[in-house]
Amino acid sequence: MTETPTTAKESIIRLKQADLTLGIDAASVHVLKSIDLDIAAGESAGIVGPSGSGKSTLLMVMAGLERLDSGEIHIAGQPLHAMSEDQAADFRGRNIGIVFQSFHLIPNMTALENVAVPLELANVKDAFGIARRELQAVGLGERLSHYPGQLSGGEQQRVAIARALAPSPSLLIADEPTGNLDGETGRQIADLLFSKQAERGMTLLLVTHDPALASRCTRQIKMRSGRIDDGAA
Ligand SMILES: Nc1ncnc2c1ncn2[C@@H]1O[C@H](COP(=O)(O)OP(=O)(O)OP(=O)(O)O)[C@@H](O)[C@H]1O
Ligand SMILES: [Mg+2]
C-alpha cells in the first residue's frame with residue numbers, strides 16, 4: 001500500500017489497525033477490530049451504531065483512557081499508543097476535553113470548584129478566574145456556588161462542558177452528551193457544543209443514539225460489531 005499523500009487538512013486523530021479485546025477468558029470481547037480512521041482538525045464527527053458496537057470504547061482509546069492491544073493511535077501527530085500512563089494523562093489534560101452522558105461531576109465540590117480544581121492540579125495559573133469565565137460562557141455565572149445536586153441535569157452538563165473546555169483543548173470528545181436530558185435541554189446542550197466548537201476551531205467527536213444530533217455533524221461514522229461500517233457491504 002502506498003503512503004497517503006499529505007492533504008491540506010491536518011489530521012487530528014489517526015488510527016491504524018487499532019485492535020482491542022476487553023475482559024478475560026469467557027468474558028472477553030473483541031471490541032475494536034482493525035480500525036483505520038482519520039479525522040481532520042476542525043471536523044465534527046458523530047459516531048453512531050448499535051449498543052455494544054464499541055463506540056464508547058473507541059472514544060476511551062482516543063482519550064488515552066484505554067490502551068490498544070495492537071495498532072496505532074496518533075492525536076495531533078503524537079503517538080498516544082506509545083506513551084506511558086503518566087504521559088498519556090498529561091497529554092490528555094492539555095489537549096483533550098471529555099464530556100460524559102452522566103456528567104461525572106464531583107458531588108461535594110461547587111460548580112466553580114469542579115471546573116477550577118482540575119486546572120489547579122495541572123498547575124494552571126488563575127484556575128479560579130478561568131473557571132469563572134468558562135462557567136459564565138456556558139450561562140452559569142449565577143450558579144458558581146451551587147453543588148451538582150442543586151443543579152438541573154442540563155446545568156450539570158453545562159458545568160461538565162465548562163470543565164472540559166477550560167484547558168482550551170483542541171479535541172472535544174463527548175459520549176452521548178444529551179443521553180440523560182429531555183429533548184429540549186438536549187438540543188440546548190448540542191447547540192452549546194457546536195457553538196463552542198465553531199468559536200474555538202476545535203474538533204468535536206461525539207457518540208449519539210440521536211440521528212438528529214448525528215446529522216448536525218459534518219461527518220457520520222457508523223460502527224458495527226467493533227468495525228467502522230463504511231457502507232460498502
Ligand atoms: N471491561 C470489559 N470487559 C469485557 N467486555 C467489555 C468490557 N467493556 C466493554 N465490553 C464489551 O465491549 C462491547 C462494546 O462496549 P461499548 O461500551 O464500547 O459499546 P457502545 O457501542 O458504547 O454501546 P452503548 O451504545 O450501549 O453505549 C460490549 O459488548 C461490552 O459488553
Ligand atoms: Mg457507549
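Details of the structure are given in the entry above.
Remember, predicted model here, so these are calculated numbers, not experimental data.

(A) Spatial organisation of the overall build of the chain. When its secondary structure is counted, the chain shows seven helices and ten strands. In summary, the chain has a C-alpha radius of gyration of 18 Å against a globular reference of 17 Å for 233 residues, a match within 12%. Along the first, second and third principal axes, the C-alpha atoms of the chain reach 55 × 45 × 35 Å. Burial statistics for the chain: of 233 residues in total, 47% are counted as buried. Counting only contacts in the chain whose residues sit at least 6 apart along the sequence, the fraction spanning at least 24 positions is 69%. As presented, the chain carries roughly 11,800 Å² of accessible surface, and 49% of it is formed by carbon and sulfur atoms. Counting 22 positive and 28 negative side-chain charges, the chain places the centres of these two groups 3 Å from one another.

(B) The arrangement of the packing of helix α3 (residues 111-121) against helix α5 (residues 153-165) in detail. The N-to-C vectors of α3 and α5 enclose an angle of 20 degrees; their axes lie 9 Å apart at closest approach. Judged by the inter-axis angle, α3 sits roughly parallel to α5. Crossing of α3 over α5 shows right-handed handedness. For the pair α3 and α5, contact is made by Ala-111, Asn-114, Val-115 and Pro-118 and by Val-159, Ala-162 and Arg-163, respectively. Its residues placed into classes, the contact of α3 with α5 shows five nonpolar, one polar and one charged.

(C) Spotlight on the sheet that holds strand β8 (residues 203-207). Spatially, the six strands line up as an open sheet ordered β6-β7-β8-β3-β9-β10, and their pairing is mixed. Of all the strands in the sheet, the pair left with one neighbour each is β6 (96-100) and β10 (227-228). Across four bridges, strand β3 (residues 44-48) lies against β8 in parallel orientation. Each bridged residue has a counterpart across the sheet, and for Gly-46 the counterpart in β8 is Leu-206. Across the sheet, helix α1 (residues 55-62) touches β3, β6, β7 (171-175), β8 and β9 (219-224), and the angle it forms with β7 is around 155 degrees. Sheet strands touched by helix α6 (residues 183-200): β3, β7 and β8. Its angle to β8, the strand with the most contacts, is close to 155 degrees.

(D) Local environment of the side chain of Lys-55. Relative to the helices and strands, Lys-55 is located in helix α1. Despite its burial, Lys-55 pairs with no opposite charge; the closest candidate is Glu-176, at 5.4 Å N-O.

(E) Focus on α5. For α5, spanning 13 residues, the distance from its first C-alpha to its last is 18 Å, which sits close to the expected 18 Å at 1.5 Å a residue. Counting buried residues along α5, twelve of its 13 residues qualify, which places the element largely inside the surrounding structure. Within α5 the residues assigned to the buried category are Gly-154, Glu-155, Gln-156, Gln-157, Arg-158, Val-159, Ala-160, Ile-161, Ala-162, Arg-163, Ala-164 and Leu-165. In this structure, the buried residues of α5 make contact with β6, α3, α4 (127-137), β7 and α6.

(F) Quick peek at the environment of Leu-135. Residue placement: Leu-135 occurs in helix α4. Through-space distance from the C-alpha of Leu-135 to that of Gln-188 is 15 Å; in sequence the pair is 53 residues apart. When sequence neighbours within four positions are dropped, the list of residues in contact with Leu-135 reads Ala-111, Leu-112, Val-115, Leu-140, Gly-141, Leu-144, Val-159 and Ala-162.

(G) Structural view of the pattern of salt bridges. One pass over the full model with this rule turns up ten salt bridges. A salt bridge links Glu-155 to Arg-143; the nearest nitrogen and oxygen atoms lie 3.5 Å apart. On the criterion of sequence distance, the pair formed by Glu-155 in helix α5 and Arg-143 in the loop between α4 and α5 is long-range, its members being twelve residues apart.

(H) Up close: unusual backbone geometry. Unlike most non-glycine residues, Phe-103 shows phi in positive territory, near 70 degrees. With respect to the secondary-structure elements, Phe-103 resides in the loop between β6 and α3. Even without a glycine there, the phi angle at Asn-123 is positive, about 60 degrees. Taking relative accessible area as the criterion, Asn-123 reaches 69% and is therefore assigned exposed.

Conventions and cut-offs
- Residues numbered from 1 in each chain as written.
- Chains lettered and ligands numbered in written order.
- Predicted model: local features only at pLDDT ≥ 70, side-chain atom pairs only at ≥ 80, totals over all residues.
- Heavy atoms only, no water.
- Helix = DSSP H or I, 4+ residues; strand = E, 2+ residues; numbered from the N terminus.
- Rg over C-alpha atoms; globule rule 2.2 N^0.38 Å.
- Buried < 20%, exposed > 50% of the residue type's maximum accessible area, 1.4 Å probe, protein only.
- Contact = heavy atoms within 4.5 Å.
- Areas by Shrake-Rupley, 256 points an atom, 1.4 Å probe, with all protein chains shown as cover.
- Lys, Arg positive; Asp, Glu negative; His and termini not counted.
- Charge placed at Lys NZ, Arg CZ, Asp CG, Glu CD.
- Axes fitted to C-alpha atoms, helices over the stretch in contact; angles between N-to-C directions.
- Parallel < 35°, antiparallel > 145°, perpendicular 65-115°, else oblique.
- Left-handed = near helix turned anticlockwise from the far one by under 90°.
- Nonpolar A, V, L, I, M, F, W, Y, C, P; charged D, E, K, R; others polar.
- Pairing = 2+ DSSP bridges.
- Salt bridge = Lys/Arg side-chain N within 4 Å of Asp/Glu carboxyl O.
- Expected span 1.5 Å × (residues − 1).

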